[in-house]
Protein chains: 2
Amino acid sequence: MDHFFKVTHLPDVLAYRSQFCRAGIESVALDAVCGRILAADLVADLDLPGFSRATMDGYAVAAASTFGASEANPAYLALKGRVSMGEKPAFGVGPGEAAGIATGGMLPQGTDAVAMVEHTELLDPTTIEVYRSVAPGQHVIAAGEDYALGNIVLTSGSRIRPQEAGLLAAFGQNTIRVFQKPRVGIVSTGDEIVPVEQIPARGRIRDINTHTLSGQVLAAGGVPVAYGIVSDDFDDLRAVCRQALDETDMVLISGGSSVGIRDFTVRVLDSLPQSRILVQGISISPGKPTILADTGGKAVWGLPGHVVSAMVVFSVVVQPFLETMAGLSEAGGKRLHVPARLSRNVPSAQGRIDFIRVRLSQTGGKLMAEPLLGKSGLINTMVQADGLIAVDINTEGLDCGEAVSVMVI
Amino acid sequence: MDHFFKVTHLPDVLAYRSQFCRAGIESVALDAVCGRILAADLVADLDLPGFSRATMDGYAVAAASTFGASEANPAYLALKGRVSMGEKPAFGVGPGEAAGIATGGMLPQGTDAVAMVEHTELLDPTTIEVYRSVAPGQHVIAAGEDYALGNIVLTSGSRIRPQEAGLLAAFGQNTIRVFQKPRVGIVSTGDEIVPVEQIPARGRIRDINTHTLSGQVLAAGGVPVAYGIVSDDFDDLRAVCRQALDETDMVLISGGSSVGIRDFTVRVLDSLPQSRILVQGISISPGKPTILADTGGKAVWGLPGHVVSAMVVFSVVVQPFLETMAGLSEAGGKRLHVPARLSRNVPSAQGRIDFIRVRLSQTGGKLMAEPLLGKSGLINTMVQADGLIAVDINTEGLDCGEAVSVMVI
């Protein structure tokens with residue numbers, strides 16, 4: 001027990017992130033890049049678009065040729081031809097002239113705007129009337145208006161969404177340098193735990209944590225590697241830890257809410273080569289009995305055995321480590337927090353951060369967060385939950401109606 | 001053009017969802033279930049947990065044996081033995097008795113609570129003192145307290161998160177029946193479009209929409225199947241559409257913001273066997289010139305060519321169709337909307353829903369949504385954006401400071 005009297009505050013735990021290695025770099029195809037984290041800045045090697053394009057169907061003109069045009073007093077322009085899609089126009093357009101153009105077409109030399117087809121009339125094969133004046137640049141995307149040659153378009157450490165994938169395509173990136181996904185070993189401990197395929201005898205329960213943690217690792221951009229269930233045996237746990245450390249970048253040992261098991265996990269971690277226990281207990285609830293060791297430069301976690309505690313600790317503690325390892329930058333890694341109002345009072349103890357499960361609901365145009373208070377061994381409270389709120393270390397509780405910030409889980 | 005004068009309102013477009021088939025059913029392994037949509041209710045075939053479990057280390061007791069216990073006046077209990085983890089205790093515990101137990105251990109017959117080890121003292125090998133009374137059920141999870149035998153645990157149509165994966169594990173579901181991921185064919189049209197690996201000649205641009213739409217299909221739980229770029233040729237587009245309809249469950253044709261191309265897409269869709277045009281234009285912006293056809297029971301979409309328009313239409317129109325096909329229930333499919341305040345005025349036209357890209361930022365504890373007004377051909381506005389807000393069809397604009405609901409993209 002003694003160890004757990006000197007708990008570490010959460011910000012101090014998170015500060016240890018910097019001492020673990022960042023993942024290596026690999027190349028992936030464009031169609032596999034979504035969700036990955038960019039490992040190099042993308043610099044515009046051309047103007048996007050490379051030429052001035054029409055954004056409407058109509059006529060490319062020098063805007064000045066239409067100034068003063070109205071229904072009563074249209075501008076008459078001589079039609080020089082039609083721009084073919086995907087072609088550089090072979091002709092120029094002078095004052096008093098126009099050229100037919102479709103959306104996406106390249107503006108001919110001498111033009112700087114497009115008169116919408118709806119505001120024109122074709123009088124004869126070589127003459128149009130324009131009923132409304134257009135301003136220079138109107139209905140046009142200028143060369144380089146989206147991104148200009150030489151500018152940084154995407155920075156290393158950003159996560160690729162569909163729009164960034166499109167941007168990579170626009171700049172011809174068919175193969176992209178991204179950070180490798182960190183491999184995370186997951187070990188379940190406990191003599192009472194049986195695998196999913198077994199019917200648990202009285203006194204035993206099926207392994208849940210391997211599956212919740214694997215899902216969380218996947219969702220956070222890692223690759224879960226499950227090492228199954230290890231009984232409460234020093235040599236067995238030590239052997240599995242060594243194997244997991246050989247094969248993965250970070251190890252999660254779940255189980256060990258019980259005092260004896262906690263000490264046991266600490267002893268196993270202490271016994272590993274080049275191992276240093278960094279954290280034995282965090283001033284959060286649930287999740288206080290969390291252990292963090294640096295074992296040969298890899299983070300090894302002893303997570304609580306209660307399913308809710310293990311999930312909360314993963315979400316608020318382990319995930320930031322995983323994301324840092326995965327190359328996500330601070331800017332690229334902002335986690336979505338949803339503002340809401342508490343639907344009832346939440347009690348909380350001072351001296352620790354309480355993470356409360358909440359369910360979100362829309363009530364009269366307001367987003368309400370309903371606290372789900374329940375034992376941390378009950379998975380149903382996580383199944384009902386949409387997110388977590390943090391009750392600060394110096395706060396004794398929150399009142400009904402108070403503004404909270406919900407971390408979506 | 002005529003077609004597009006009779007635009008359809010968004011709710012009427014979304015109502016067509018019901019006429020398209022739901023995806024088939026397949027089995028996946030537990031470790032691949034996250035993100036999938038359950039195709040059958042899960043009913044508890046046992047109590048979870050199957051027995052009363054300790055949630056703390058200490059002594060299992062009949063709570064009544066501790067009533068009135070205090071520091072000054074402890075209860076003295078006879079120690080009957082220790083519960084082995086994962087075993088059904090071979091002994092019972094009567095009034096005035098106790099048994100050592102660790103977190104997760106099974107309560108012996110005759111006990112209904114656990115006295116925390118911190119509130120006890122071992123006097124001799126057969127006697128403990130208890131300094132605090134415990135209530136019945138304290139530090140215990142009762143049999144069936146998480147889920148009771150026979151109850152519906154998860155309903156068909158819910159999306160599996162890590163906590164639901166854990167729950168499936170708890171009920172021994174190693175192989176899970178889920179809806180198949182809908183396959184979505186993606187066709188890019190336009191004589192000006194070149195593949196990513198080409199350096200675009202003057203007047204041409206690389207294909208962006210295939211990649212943004214593929215990413216969106218993936219993120220929405222579908223499988224994108226790219227059919228490449230088709231030139232503006234009736235027979236070519238018709239042939240590719242037929243192939244895509246043979247091989248996939250839904251088809252997206254992007255391109256065709258231009259009037260001529262729009263009509264051309266309509267003509268191609270009209271010419272396909274068992275094809276009926278349902279929608280030619282939606283009262284939204286961007287995205288008005290969207291086409292929807294029912295072709296032999298499959299949805300075929302003509303999406304605008306501008307990258308922002310195509311992404312917005314996907315997000316607000318196509319995705320709900322995809323999710324319905326994918327088996328997601330209304331309850332299981334609630335999309336996250338984040339409440340925020342507008343950082344400045346947004347103009348908007350009546351008679352249509354305007355979807356405005358916004359960037360979220362935290363300012364003085366408040367979440368602000370900054371409108372990103374820009375041409376719908378500029379992908380940078382989507383790269384800067386965190387979400388979309390909808391300005392209602394009867395609203396002329398929104399004021400700075402107004403409450404908005406941001407759909408995260």
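Keep in mind that this is a model prediction, so the values were computed, not measured.

K.L.:
Help me understand the nonpolar core, please; the structure alone is not making it clear to me.
P.N.:
As a rule of thumb, nonpolar side chains are buried together in soluble globular proteins. In terms of nonpolar packing, the biggest core is built from 61 residues, with A:L252, A:W301, A:V317 and B:F171 touching the most fellow members. Per element, the largest residue contribution to this core is 12 residues, and it comes from helix α6 (residues 307-325) of chain A. Apart from the residues within four sequence positions on either side, A:V317 is in contact with A:L10, A:V13, A:L14, A:I282, A:I284, A:W301 and A:V312. In terms of nonpolar packing, the next biggest core, distinct from the first, is built from 60 residues, A:A170, B:A299, B:V313 and B:F321 among them.

K.L.:
Quick question: what am I supposed to make of the relation of the copies chain A and chain B here?
P.N.:
Expressed as a screw transformation, the operator carrying chain A onto chain B has a rotation angle of 180° and an axial translation of 0.0 Å, and the superposed copies differ by an RMSD of 0.0 Å. Taken together, the rotation and translation relating the two chain copies correspond to the operation of a two-fold axis. Taking C-alpha positions as reference, the residue of chain A nearest the rotation axis is A:V338, located at 2.9 Å. When the interface residues of chain A are mapped onto chain B, 99% of them again lie at the interface, so the same face is used by both copies.

K.L.:
Is there a simple way to think about helix α5 (residues 259-271) of chain B in this case?
P.N.:
One full turn of an α-helix is made of 3.6 residues, so residues set three or four places apart face in the same direction. Residues and elements named next belong to chain B. In this model, α5 (13 residues) spans 19 Å end to end at C-alpha, consistent with the 18 Å of a helix rising 1.5 Å per residue. Restricting attention to buried positions, one finds in α5 the residues V259, I261, R262, F264, T265, V266, V268 and L269. Residues of α5 that are buried sit in contact with β13 (183-189), α4 (234-247), β17 (250-254), β18 (275-280), β20 (291-295) and β21 (298-303).

K.L.:
Just checking my understanding: could you explain the sheet that holds strand β9 (residues 127-130) of chain B for this structure?
P.N.:
The strands making up a sheet are joined through hydrogen bonds of the backbone, oriented either antiparallel or parallel. All names here are of chain B. Taken in spatial order, the 6 strands of this open sheet run β7-β4-β6-β5-β9-β8, and their pairing is mixed. Looking at which strands have only one partner, the edges of the open sheet turn out to be β7 (113-116) and β8 (120-124). Recorded for the sheet is a direction-independent mean angle of 40° between the axes of neighbouring strands. Bridging between strand β4 (residues 58-61) and β7 involves 4 bridges; their strand directions are antiparallel. When the sheet's bridge partners are listed, V61 is paired in β7 with A113.

K.L.:
Sorry if this is basic, but what is going on with the domain arrangement of chain A here?
P.N.:
The figure often quoted for interface size is the accessible area lost as the parts come together. All names here are of chain A. Split by domain assignment, chain A resolves into domain 1 (2-24 + 181-325), domain 2 (25-48 + 145-179), domain 3 (53-141) and domain 4 (337-408). Of note, the centres of domain 1 and domain 4, computed from C-alpha atoms alone, are 25 Å apart. Between domain 1 and domain 4, the contact holds 16 residues from the first and 16 residues from the second. At the boundary of domain 1 with domain 4, total buried surface from both sides reaches about 1,200 Å², with 74% on carbon and sulfur atoms. Our count for the domain 1 to domain 4 interface comes out at 0 salt bridges. For the side of domain 1 that touches domain 4, the elements supplying multiple residues, two or more each, are β19 (284-285) and α6. The element contributing the most residues to the side of domain 1 that touches domain 4 is α6, with 7 residues. In terms of residue class, the side of domain 1 that touches domain 4 is built from 9 nonpolar, 7 polar and no charged.

K.L.:
Just checking my understanding: could you explain the side chain of A:T120 for this structure?
P.N.:
Residues and elements named next belong to chain A. Relative to the elements of secondary structure, T120 occurs in strand β8 (residues 120-124). Taking relative accessible area as the criterion, T120 reaches 10% and is therefore assigned buried. Within the local environment of T120, its side chain forms a polar contact with the backbone oxygen of V117, the two atoms lying 2.8 Å apart. If near-sequence neighbours (up to four positions away) are discounted, T120 is found in contact with Y59, A115, E129, V130 and Y131.

K.L.:
How do you make sense of the interface of chain A and chain B when you look at a structure like this?
P.N.:
At the interface, 82 residues of chain A touch 81 residues of chain B. Carbon and sulfur atoms make up 61% of the surface buried where chain A meets chain B, a total of about 6,400 Å² over both sides. Three residues stand out in chain A for area buried against chain B, namely A:Q163, A:R202 and A:V383, and they jointly supply 9% of the buried area on that side. Its salt-bridge partner being B:E145, residue A:K375 comes within 3.0 Å of it at the nearest N-O pair.

K.L.:
Would you take a moment to explain the packing of aromatic side chains for this structure?
P.N.:
Two aromatic rings are characterised by how far apart their centres lie and by the angle between their planes. In total, this model carries 8 aromatic pairs over all chains according to the counting rule given. Among the aromatic residues, those joined into a cluster by ring pairs are A:F20, A:W301 and A:F321.

K.L.:
Could you clarify how one ought to interpret the sheet that holds strand β7 (residues 113-116) of chain A in this entry?
P.N.:
All names here are of chain A. Taking strand neighbours across the sheet as the criterion, the 6 strands line up as β7-β4-β6-β5-β9-β8 in an open arrangement whose pairing is mixed. The open sheet has two edge strands, β7 and β8, and neither has a second partner. With strand direction ignored, the average angle separating the axes of adjacent strands in the sheet is 40°.

K.L.:
Looking at this model, I keep getting lost on the packing of α4(B) against α5(B). Mind explaining?
P.N.:
Axes are the key here: two packed helices are described by the angle between their axes and the distance separating the axes. Residue and element names in this part refer to chain B. In the contact formed by α4 and α5, the axes pass within 10 Å of each other and the chain directions differ by 50°. Between α4 and α5, the interaxial angle falls into the category oblique. Judged by the sense of rotation from one axis to the other, the crossing of α4 with α5 is right-handed. Contacts between α4 and α5 involve F234, L237, R238 and C241 from the first element and F264, R267, V268 and S271 from the second. Class assignment for the residues of the contact of α4 with α5 results in 5 nonpolar, 1 polar and 2 charged.

K.L.:
What exactly am I supposed to notice about the pattern of salt bridges here?
P.N.:
Close approach of charged atoms allows side chains with opposite charge to pair. Scanning the model with the defined rule gives 19 salt bridges over all chains in all. A salt bridge links B:R53 to A:E192, with the nearest nitrogen and oxygen atoms 3.7 Å apart. You can see B:R53 sitting in strand β3 (residues 53-54) and its partner A:E192 sitting in the loop between β13 (183-189) and β14 (193-194), one on each of two chains. On the accessibility criterion, B:R53 (13% relative accessible area) is buried. A relative accessible area of 9% places A:E192 in the buried class. Residue B:D354 is joined to B:R352 by a salt bridge in which the shortest nitrogen-to-oxygen separation is 2.9 Å. In this structure B:D354 comes out as buried when scored by relative accessible area, which is 5%. With a relative accessible area of 31%, B:R352 lands in the partly exposed category.

Analysis parameters
- Residues numbered from 1 in each chain as written.
- Chains lettered and ligands numbered in written order.
- Predicted model: local features only at pLDDT ≥ 70, side-chain atom pairs only at ≥ 80, totals over all residues.
- Heavy atoms only, no water.
- Core = buried A, V, L, I, M, F, W, Y, C linked by side-chain atoms within 4.5 Å.
- Buried < 20%, exposed > 50% of the residue type's maximum accessible area, 1.4 Å probe, protein only.
- Helix = DSSP H or I, 4+ residues; strand = E, 2+ residues; numbered from the N terminus.
- Contact = heavy atoms within 4.5 Å.
- Least-squares fit on C-alpha atoms with pLDDT ≥ 70 in both.
- Expected span 1.5 Å × (residues − 1).
- Pairing = 2+ DSSP bridges.
- Axes fitted to C-alpha atoms, helices over the stretch in contact; angles between N-to-C directions.
- Domains from an automatic or database assignment.
- Buried area = accessible area lost by both parts, 1.4 Å probe.
- Salt bridge = Lys/Arg side-chain N within 4 Å of Asp/Glu carboxyl O.
- Nonpolar A, V, L, I, M, F, W, Y, C, P; charged D, E, K, R; others polar.
- Polar contact = N/O pair within 3.5 Å; in protein donor to acceptor, adjacent residues only side chain to side chain.
- Phe/Tyr/Trp six-rings, centres within 6.5 Å; stacked < 30°, edge-to-face > 60°.
- Parallel < 35°, antiparallel > 145°, perpendicular 65-115°, else oblique.
- Left-handed = near helix turned anticlockwise from the far one by under 90°.

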